[in-house]
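Each chain is listed here by its residues.
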Amino acid sequence: MTVPEKIRADGVHKVFRTRRGRIVALKDVNFSLAEGRFLAVVGPSGCGKTTLLRILAGLERCSAGRVHIRHDDPAKPATAMVFQEQSVLPWMTVRENIGYGLRLRRAAPDHIRRVVDYYLEVIGLADFADAYPYQLSGGMKQRVSVARAFAVDPEVLLMDEPFAALDEQNKMLLQEQLLKIWEGTGKTVVYITHSIDEALYLSDQVLIMTAGPGTVKEVIDVNLPRPRDIGSLRRDPVFIALFERIWLLLRQEVLRARQQAGDRTG
């Protein structure tokens, strides 16, 4: 059975106008993503990954081209976004933070309580429901951010390097929790990362972007069975081959981005 398309980008360009002139962030970006699929986006720094995500979220407008996200249920938000930096609200408890989006949507109090209680258990913070962010570690705060995004039940979840600032151990635990939540919801996800390991562990497809102005270099299917275990996955010959293929493509663009930076400063 063919899975219906959820996201399509057609000829997306983005130009920023600054005091120093025009900066072309994205150029002719084209891709599509089927419903319920997990897409990881990798590319050199400055290639427009976050700009693309912000366009998908409706926080930026295309300079040319268009993005279409099929919005099936008006009762749900089309998208929700998890940012790289911790975005929990310091004056709210963990419980209040997770339920914040639902309160903005004026959900019924009983519904909010049920949803928040569920995600408190899923992310392992039930004992910290009444704690404030200053009482939490960085990893715990990011768990709250992820739970808040899932709690509003968006049709598409957009994630901008949400675990980049964490140590390796916490990052691996949160990756496991993210997959557990995602597999239980079937959300369509677009996830930005600089880590090829992370992209292959989490995703169904990896989109590789070129050096700026960013465009799509290649989209690679991740033909690895689920559920996945990061420890055994790294020994899988298919994983190793995919890693090497992506790195060869990405390395070309990283070197090109460094050359561009040198040309601008030289």
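Source: prediction; values computed, not measured.

The rules behind the values
- Residues numbered from 1 in each chain as written.
- Predicted model: local features only at pLDDT ≥ 70, side-chain atom pairs only at ≥ 80, totals over all residues.
- Heavy atoms only, no water.
- Buried < 20%, exposed > 50% of the residue type's maximum accessible area, 1.4 Å probe, protein only.
- Helix = DSSP H or I, 4+ residues; strand = E, 2+ residues; numbered from the N terminus.
- Pairing = 2+ DSSP bridges.
- Phe/Tyr/Trp six-rings, centres within 6.5 Å; stacked < 30°, edge-to-face > 60°.
- Lys NZ or Arg CZ within 6 Å of the ring centre and 35° of its normal.
- Contact = heavy atoms within 4.5 Å.
- Core = buried A, V, L, I, M, F, W, Y, C linked by side-chain atoms within 4.5 Å.
- Salt bridge = Lys/Arg side-chain N within 4 Å of Asp/Glu carboxyl O.

*Asks:* What am I meant to see in the pairing of strand β7 (residues 188–192) here?
*Replies:* Put simply, side chains in a regular strand alternate between the two faces of the sheet. The element β7 is extensively covered by neighbouring structure, given that five of its five residues are classed as buried. Across the two faces of β7 the burial is the same, with Thr188, Val190 and Ile192 and Val189 and Tyr191 all buried. When strand β6 (residues 156–160) meets β7, the two strands line up parallel, connected through five bridges. Looking across to β7, one finds that Val156 is bridged to Thr188.

*Asks:* Explanation requested: the packing of aromatic side chains in the structure shown.
*Replies:* Here a ring pair, both rings aromatic, is described through the centre-centre distance and the interplanar angle of the planes. Tallied over the full model, the rule gives six aromatic pairs. With 5.4 Å between their ring centres and 85° between their planes, Phe38 and Trp182 make a pair best called edge-to-face. Here Trp182 lies in helix α5 (residues 168–185) and Phe38 lies in strand β3 (residues 38–42), a separation of 144 residues in the sequence. Neither residue differs from the other here; Phe38 and Trp182 are each classed as buried. Here the aromatic rings of Tyr118 and Tyr119 are separated by 4.9 Å at their centres, their planes lie at 80°, and the arrangement is edge-to-face. One aromatic cluster in this structure is built from Phe38, Phe163, Trp182 and Tyr191. Taking the ring centre of Phe16 as reference, the NZ or CZ of Lys14 above it sits at 5.1 Å.

*Asks:* Help me understand the side chain of Ser203 in this model?
*Replies:* Along the chain, the position of Ser203 falls in the loop between α6 (196–202) and β8 (205–209). Looking at Ser203, the relative accessible area reads 0%, which means it is buried. In contact with Ser203, not counting residues within four places along its chain, are Phe38, Leu39, Ala40, Val222, Arg226 and Arg228.

*Asks:* I would appreciate a short explanation of the nonpolar core in the present structure.
*Replies:* Proteins that are soluble and globular tend to have nonpolar side chains buried together. If you look at the biggest cluster of nonpolar residues, it comprises 56 residues, and the most contacted ones within it are Ile98, Leu178 and Val206. By residue number, the principal contributor to this core is helix α4 (residues 138–151), which donates seven residues. Not counting the four nearest positions on each side in its chain, Val206 is found in contact with Leu39, Ala40, Val42, Ala199, Leu200, Glu218, Val219, Ile220, Val222 and Ile246. With 22 residues, the next largest nonpolar core counts Phe31, Cys47, Leu52 and Ile55 among its residues.

*Asks:* Looking at this structure, I do not really get the side chain of Thr51. What am I missing?
*Replies:* Topologically, Thr51 is positioned in helix α1 (residues 49–57). By relative accessible area, which is 13% here, Thr51 ends up buried. Ignoring any residue separated from it by four or fewer positions in sequence, one finds Thr51 in contact with Lys14, Phe16, Ala25 and Leu26.

*Asks:* Please explain the pattern of salt bridges as it appears in this structure.
*Replies:* Pairing is possible between side chains of opposite charge, provided their charged atoms come close. Under the counting rule described, the total for this entry stands at 18 salt bridges. Across the salt bridge formed by Glu168 and Arg234, the nearest N and O atoms sit 3.9 Å from each other. Remark: Arg234 occurs in the loop between α7 (230–233) and α8 (237–265) and Glu168 occurs in helix α5; sequence separation between them is 66 residues. Taking relative accessible area as the criterion, Arg234 reaches 35% and is therefore assigned partly exposed. Put simply, Arg234 and Asp197 hold a salt bridge, and the shortest N to O gap is 3.1 Å. Of the two residues, Arg234 sits in the loop between α7 and α8 while Asp197 sits in helix α6, which places them 37 residues apart along the sequence. Here the salt bridges do not stand alone but share partners, grouping Lys6, Glu35, Arg70, Asp72 and Glu155 into one network.

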